[in-house]
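# Examining the three-dimensional arrangement
Chain residues, written in single-letter form:
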Amino acid sequence: MVALTPISRTEPTFYVPVVAAFGAFFGVFIGTGQGNLIAGVLGGAILMGALAFILTKLIKNEKAARWGLTLLIALGGFALAGIPGLLIGIFFGWFFGFLTFWLYEGRYRAKIPPYLTPGQVLWHFTFRVICGAIFVFLITPILVVMPLSFNAENFFTFTPEMLRFDPAGYSLKHYRDFFTNADWQNAMWNSLKIAPVATLLSVSFGTLAAIGLSQPHVPFRRAIMAILISPMIVPLIISAAGMYFFYSRIGLQGTYVGVVLAHAALGIPFVIITVTATLVGFDRSLTRAAANMGANPVTTFFRVQMPLILPGVISGGLFAFITSFDEVVVVLFVGSSGQKTLPWQMFIGLREQISPTILAVATILVGISICLLTVVELLRRRSERLRGMSPS
Amino acid sequence: MSDAPTVQTAASSAAEARAADAAHTGPMLAADGTPLKKSLNRALRLQKVRALALIGPLLIFVLVTFIAPIADMLFRSVENEIVSNTLPRTTDMLAEWDAKGTEFPQEPIFEALYDDMFFAKEAKLHTRLGSRLNYELTGVSSLFRKTGRKVDDMGEVYQDQFEDLDDFWKTGENWNSLMASDGWLVAMDGWKKSDGKQPPFELREGIAEMLPATTETYVRFADFIQNQDEDNLYKKDPWAIVYSSLHADLTGQNSVASYTGPAAAELKAAAAAAPAFETVNFSEAFRDIDKDWHALDVWQTIKVYSPKYTSGYFLNAVDMQKSVDGPELRPENERIYGILFWRTIVMSVVITGSCILLGYPVAWILANLPVRQANLLLILVLLPFWTSLLVRTSAWKVMLQQEGVINDTLVWLGLVATDDRLALINNQTGTIIAMTHILLPFMILPLYSVMQTIQPSYLRAAKSLGATNWTAFWRVYFPQSIPGIGAGSILVFILAIGYYITPAIVGGTSGTFISNRIAYHISSSLNWGLGAALGAILLAAVLLLYYAYDKIVGIDNVKLG
C-alpha cells in the first residue's frame, strides 16, 4: 500500500533538534573514546544542530550542501584517525546530509499514511531501525568472517594494519594453507566423496517415496510420513549415538559405507518435504492424458511427471547435499579418521588447535552456500511458474 | 504414475452399468461382467499396493539405517547382561542371599565366585565387568583387576598337592587320556596345526557320571582352549581350577572305586589321598586378596545388578540409584543430571524466547513490505540458514572472544575498559547468543508464512473503529499470528534441546547441554548404558514435542526456504 501523503518543508524547530539528538547519540561514542562523555554529547549535538541549520537555511542547494558536509566531516575524520577515520567520516557526512534534508523537506512522511500522529511516525521509524539491527545481527557473523580470513597475522581480530587498510595487513596465506595442508585437503576430498553418494541415495529413494506418498489412497500415510521425517526431528546426538551402537554391531562403524548410509538417512526428510511440496500442485490429469495417448507408466514418468517435479527434486537434492556436507555430529561417531570430513576438521580446529585457516574455509563454504541458495531460489521460481502459480 | 487406465475403466464401466441398469435389475456390473463394487475395490487395492511399492524401498532403508539404530540405543539403556554372563554361578546363587541382611555371603557363593572369576579372568572379561560395576560403586574396578591377578594362586593349592602326589597329574596328555573319548584321542593324534580346525573335544563315556564337577570344568576349559585360544588341547596342561573340581569330586560321593578305565590306578590313589589334602577356604582366600570382598556393599551391588535388564541406567540418568531397598535419590552432592536437564530446558526456553523477540519484528516487516523488497530482505534471512553450522559457530567463537571483534569494538568505543572485557564465551551467554542466531531463521520462516496470510485490512479496520495502535495489534493482529509463533517455537525448541556442536564450542562448562553429556558418556567415559538412557529421555521429550507439532502444524506443512 502506498500512501499519497502531501509533503511540505518543516520548521527548524523540528529538524534541528532531531539532527542534534542524532549528533548527541554519535557524540557519546566519540566522547567515551576520547574519555570525556559530556563533551562528546554536547559537542555532537551542538555541531550537528548548527550544521543542519546552516545547510538548510544558508546554503539551500541540497546537492552542494550534502557534498560539502560529506567532504568536511570526511576531512575531519582523516585528520583525527587516518584512513579509517576518513571512511567513517564519509559515512557520517552522507548520513547527516541525508538526515537533514530528509527531515527538512518532509520526505519522511511521503510513504506513510497521512493520518499517523507524530508519535506513530516516530514508532514507525524506530521499528524499522530495530528490524535493521536484527538483520545486521543475522548477517554480521558472516560479514566479519570474510575480511578476517584475509588477515596476514594469525589473529582472530582486526589488526591495526587491517584497520588502516594497509596492504601489508592482508594476505591470502590462510587460503594457501587450506589448499596445501594435507589434513584440510584430505578432509575436503572425503567430504566430496561422501556427500554426492549420500545425496544420490536420498534423492532416488526419496523421490520414489514422495510420489508414492502423493497418491490419493495411501494406507498409514501419517505413520509412514512420521517415520520418514523423523531423521530431521530426532536430535543429531541421539541419531549419532544409536548409529554408533548399531553400526558397530553390524560392522559398518568407521567405514565409508556406514557414513554414506547415515548421511543418506539424514538427507531423506528434506527430499521428501520438497518433492511432496512440488507434487501438491501437480495436475494428475496430465498423467491420465499421457496414458490416454498411449504412453506406458515409465514413459509417462520420465516425459511428463519428471520434468515438472524436477525443480523440487533438485532443490531437495541440494538440501540433502548440504546436510551431508555440513554434518559433523554423526560423522564424528560413525566415521573413523579415514572419513574425516571438512566440518569434522573444522570442529577439531575449533576445539583444539584453533587456526585462522578455519576462517578461510568458512569463507569458501559461505561462497558455496550462496551459490546453492541462488540455485534453489531460481528453481523455486521456475517451479512455481511451471505450475502456473505467480512467482512471489 | 498412470493410474489412468483403471480410473477410466471404472468411469466408463460406471456409465455402462448405469445404462445396463435401466435394462435389467440385479447388481451393477462393470464392463468385464464383474460386479461394479468388486471391480472398484480391486482398482482401489491396486492403487494402495502401488503406492506402498513406491514407498517400500525408502521405508525399509530408513528402518534399517535410522530406526534400528534408535531401537538399539533404547535397548542398550536397559540391557545389563554383562553381570550374569560373566558371573553366571555367583548371580544364580546370590538370588537366595538376603541382601538386606547384615551377613555377607557364605562359602558356597565364594566358591561359585572363584569359579566365575577364574573363567572370566582367562577370557579377560573380569576387567570389563569391573568397569561396568564401577559406574555403580567406585572401587569395584580395581577390586576385580586385583582379584583377577591373584585368583590363579587359590587353585594352585590343590594343583600342587595333586602334582606332588603323582607326576601323572602334571601334563595335559595324561588328563586327556582320562577325560577324552578314544575316538577323539585318535583324531588328535593325526592332527597338525596346518590341518586347520581341531576335532571338537569329546568326553569319555561314563566320566561325567563319575566326576561331575571335574567334567563340567574340563569341558569349559577344553572349549575355551579350542575355540578362543585355538591352542592344541591335547598338549595343554589344565588350569588350576580343574584340580579344585577334581578335589571336590574325590572328596564327595563318587564311584571311583569301581572305575576300570584308563588311569584307574592314579585316580584311585588320588581318591585315597584327597581327603587328607590341605583345603582352601574361598571366603577367606578372597578376603586375603582384598578385604572389600567381605564388604556388604560390593555384594549388594552385584546382586542388585544381576538381572539381565536393569532400570539402573535410567535411575542414574535422573540422579537416583538402585539399592537393595529399591530406587533412592542420590546424595545431594552427586546429583548432576537434574541440574543439566533443567539447564537444558531453561536455556532452550530462553533461546526460544529470544528467537520470538527477534524473529517477530523481522517476520512482520517481511510480511508488510512490498514483495520485491521483502524478497531481498528474505535473502538476509536465508543466507545464514544455508550457511554451514560450523561456519556460523566459528564466526561466533571469533567474535565473542576476550580479544574478539565485539570486545575490541566495545573497547574502541570506550564503553568497556580494556582490562574489564566482557566474558561472552565459554559460558551461558555465549551459547544463548550463538544459538539464537543459528536458530533464528527457523522462527522467522514459519512466522513469515503465517503473517503473509493475515489481511492488513483487519488492522486498518480495527483502527478505523477507534482502536489504538497497541490495541489493534494485540487484539487483532497478534491472535492471528499465534499459529506461526507456536510452529516456530516448537521447531526452535526441539532443535535447541538436542544441540551439541554449538554448546560444545562456545558453551564452556556452564553453557553445555545434556547432549554434551551424552557425547561424553559415549566417547570418553564409555558408560554407554547411561549415555543411552540420557538419550532415551531426551528422545522422549523431543517426540512429545514432535507429536504436538504434528497436531498443531502438521508435518506435511513443514516448509523449507
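Residues numbered from 1 in each chain as written. Chains lettered and ligands numbered in written order. Predicted model: local features only at pLDDT ≥ 70, side-chain atom pairs only at ≥ 80, totals over all residues. Heavy atoms only, no water.

## Notes on the overall build of chain B
Helix and strand content of chain B: 26 helices and two strands. Out of the 561 residues in chain B, the part that is buried amounts to 50%. Approximately 25,600 Å² of chain B is accessible, and the part contributed by carbon and sulfur atoms is 58%. Treating the 45 positive side-chain charges of chain B as one cloud and the 57 negative ones as another, the clouds have centres 17 Å apart. (Helix = DSSP H or I, 4+ residues; strand = E, 2+ residues; numbered from the N terminus. Buried < 20%, exposed > 50% of the residue type's maximum accessible area, 1.4 Å probe, protein only. Areas by Shrake-Rupley, 256 points an atom, 1.4 Å probe, with all protein chains shown as cover. Lys, Arg positive; Asp, Glu negative; His and termini not counted. Charge placed at Lys NZ, Arg CZ, Asp CG, Glu CD.)

## Looking at the packing of aromatic side chains
Applying the stated criterion to the full structure yields 67 aromatic pairs over all chains. On the basis of an interplanar angle of 90° and a centroid distance of 5.3 Å, the ring pair of F127(A) and W364(B) is categorised as edge-to-face. Remark: W364(B) occurs in helix α17 (residues 337-368) and F127(A) occurs in helix α4 (residues 118-148); the pair is interchain, linking two chains. Where Y114(B) meets F118(B), the ring centres are 5.9 Å apart and the plane angle is 65°; that geometry is what we call edge-to-face. Of this pair, Y114(B) and F118(B) are both found in helix α5 (residues 107-122), four residues apart, which corresponds to roughly one turn of the helix. (Phe/Tyr/Trp six-rings, centres within 6.5 Å; stacked < 30°, edge-to-face > 60°.)

## A closer look at helix α11 (residues 285-292) of chain A
Residues and elements named next belong to chain A. Among all positions in α11, only T287, A290 and A291 are buried. The buried residues of α11 occupy an angular sector of 100° when the element is viewed end-on, so they sit on one face. The first or second residue beyond α11 is G294, which carries a positive phi of 100°. (Arc of directions from axis to C-beta.)

## What to know about unusual backbone geometry
For residues other than glycine, phi is negative in most cases, and the peptide bonds are mostly trans. Positive phi, normally seen in glycine, also occurs at F220(A), with a value near 55°. Here F220(A) is to be found in the loop between α7 (182-213) and α8 (221-233). A positive phi angle is found at N426(B), which is not glycine, with a value near 60°. Relative to the helices and strands, N426(B) resides in the loop between α20 (405-413) and α21 (428-451).

## Re the domain arrangement of chain A
On domain assignment, one finds that chain A holds domain 1 (12-115) and domain 2 (181-386). Here the C-alpha centroids of domain 1 of chain A and domain 2 of chain A sit 52 Å apart. (Domains from an automatic or database assignment.)

## Some words on a nonpolar patch on the surface
Residue and element names in this part refer to chain A. A cluster of nonpolar side chains, namely F78, I83, L87, I90, F150, F165, Y170 and L172, defines an oily patch on the protein surface of about 690 Å² accessible area. With respect to the helices and strands, the residue L172 is situated in the loop between α5 (160-163) and α6 (173-180). Residue classification places L172 among the partly exposed residues on the basis of a relative accessible area of 47%. (Patch = residues over 30% accessible without salt bridge, like charges linked within 9 Å, V, L, I, M, F, W, Y side chains within 5 Å. Salt bridge = Lys/Arg side-chain N within 4 Å of Asp/Glu carboxyl O.)

## Structural notes on a negative patch on the surface
Residue and element names in this part refer to chain B. Together, D153, E156, D160 and D164 give the surface a local cluster of negative charge. One can find E156 in helix α7 (residues 140-165). On the basis of relative accessible area, E156 is assigned to the partly exposed category, the value being 32%.

## Here's the deal with the interface of chain A and chain B
Taken residue by residue, the interface counts 107 residues in chain A and 98 residues in chain B. Taking both sides of the interface into account, the surface hidden between chain A and chain B amounts to around 9,300 Å²; carbon and sulfur atoms contribute 79%. Among the residues chain A hides against chain B, the three largest losses belong to F135(A), L138(A) and F245(A). Together they make up 8% of the total. Across the salt bridge formed by R249(A) and D72(B), the nearest N and O atoms sit 2.8 Å from each other. Inspection of the chain A/chain B interface yields 10 residue pairs in polar contact (both at pLDDT 80 or more). Here the side of chain A that touches chain B is composed, by residue class, of 78 nonpolar, 19 polar and 10 charged. (Contact = heavy atoms within 4.5 Å. Buried area = accessible area lost by both parts, 1.4 Å probe. Polar contact = N/O pair within 3.5 Å; in protein donor to acceptor, adjacent residues only side chain to side chain. Nonpolar A, V, L, I, M, F, W, Y, C, P; charged D, E, K, R; others polar.)

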